[in-house]
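Understanding the architecture of this molecule
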Amino acid sequence: MLKEFKEFISRGSVLDLAVGVIIGSAFTAIVNSLVKDLINPFIGLFLGKIDLSDLKFSVGGANFMVGSFINAIINFLIIAFVIFLIVKAFNKVLPKKEEEAADEPAPEVELLAEIRDLLKKEQK
């Protein structure tokens, strides 16, 4: 069992996933700081409040933390936009596998083309 675990953990995909999680958590800290320290004060200029996380309204005895929700939405949009840019840049750098495969038809396609051509000859 130890040998199987060693093989599992030494796979490239597991290591890539670990690196992605670590970098993702560091990136989340950067985005949280960006929202808290730069974007919220800018939005606060228009709303009259600098810290949006304290923005709330109460109905009866319930407090609705609207500011925390706005912070979460801003964080999500920033992270999603940055991931979109990274994927877009990555797709430009690496050639698409479909384009490479389109140059050479699959053996099944070649065989079907030959059968089609033979049927056309027989019909004439």
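A quick note: this is a predicted structure, and the numbers were derived from the prediction, not measured.

Rules used throughout
- Residues numbered from 1 in each chain as written.
- Predicted model: local features only at pLDDT ≥ 70, side-chain atom pairs only at ≥ 80, totals over all residues.
- Heavy atoms only, no water.
- Helix = DSSP H or I, 4+ residues; strand = E, 2+ residues; numbered from the N terminus.
- Buried < 20%, exposed > 50% of the residue type's maximum accessible area, 1.4 Å probe, protein only.
- Contact = heavy atoms within 4.5 Å.
- Areas by Shrake-Rupley, 256 points an atom, 1.4 Å probe, with all protein chains shown as cover.
- Salt bridge = Lys/Arg side-chain N within 4 Å of Asp/Glu carboxyl O.
- pLDDT = per-residue confidence, 0-100.
- Expected span 1.5 Å × (residues − 1).
- Phe/Tyr/Trp six-rings, centres within 6.5 Å; stacked < 30°, edge-to-face > 60°.
- Patch = residues over 30% accessible without salt bridge, like charges linked within 9 Å, V, L, I, M, F, W, Y side chains within 5 Å.

Across its full length, the protein chain holds five helices and two strands. Taking all 124 residues of the protein chain together, 9% fall into the buried category. Considering only contacts in the protein chain between residues 6 or more positions apart, those separated by 24 or more positions represent 36%. Surface exposure of the protein chain reaches about 10700 Å², of which carbon and sulfur atoms provide 69%.

All right, on to the pattern of salt bridges then. In this structure the tally under the stated criterion is one salt bridge. For aspartate 117, the salt bridge goes to arginine 116, with nearest N and O atoms at 3.3 Å.

Overall, the predicted model of the protein chain reaches an average pLDDT of 80, with 88% of residues at or above 70. Model confidence for the protein chain, summarised as mean pLDDT per element, is weakest for helix H4 (residues 97-103) at 60 and strongest for strand S2 (residues 62-64) at 88.

Between its first and last C-alpha, helix H3 (residues 66-93) extends 41 Å over 28 residues, near the 40 Å set by a 1.5 Å rise per residue. Considered for burial, the residues of H3 that qualify are Gly67, Asn71, Ile74, Asn75 and Ile78.

Taken as a whole, this structure holds two aromatic pairs when the rule is applied. Pairing phenylalanine 57 with phenylalanine 64 gives two aromatic rings, centres 5.0 Å apart and planes at 20°, and the pair type is stacked. Taking relative accessible area as the criterion, phenylalanine 57 reaches 43% and is therefore assigned partly exposed. Taking relative accessible area as the criterion, phenylalanine 64 reaches 40% and is therefore assigned partly exposed.

Moving on to the environment of lysine 56. You can see lysine 56 is positioned in the loop between helix H2 (12-47) and strand S1 (57-59). Sequence-wise, lysine 56 and serine 68 are 12 residues apart; in three dimensions their C-alpha atoms are separated by 8.5 Å. In contact with lysine 56, other than residues within four places in its own chain, are Asn63, Phe64, Met65 and Val66.

Next up on the list: a nonpolar patch on the surface. Side chains of Phe69, Ile73, Phe76 and Leu77 sit close together on the surface and give an oily, nonpolar patch of about 440 Å² of accessible area. Note on placement: isoleucine 73 falls in helix H3. Accessibility expressed as a relative area gives 36% for isoleucine 73, which makes it partly exposed.

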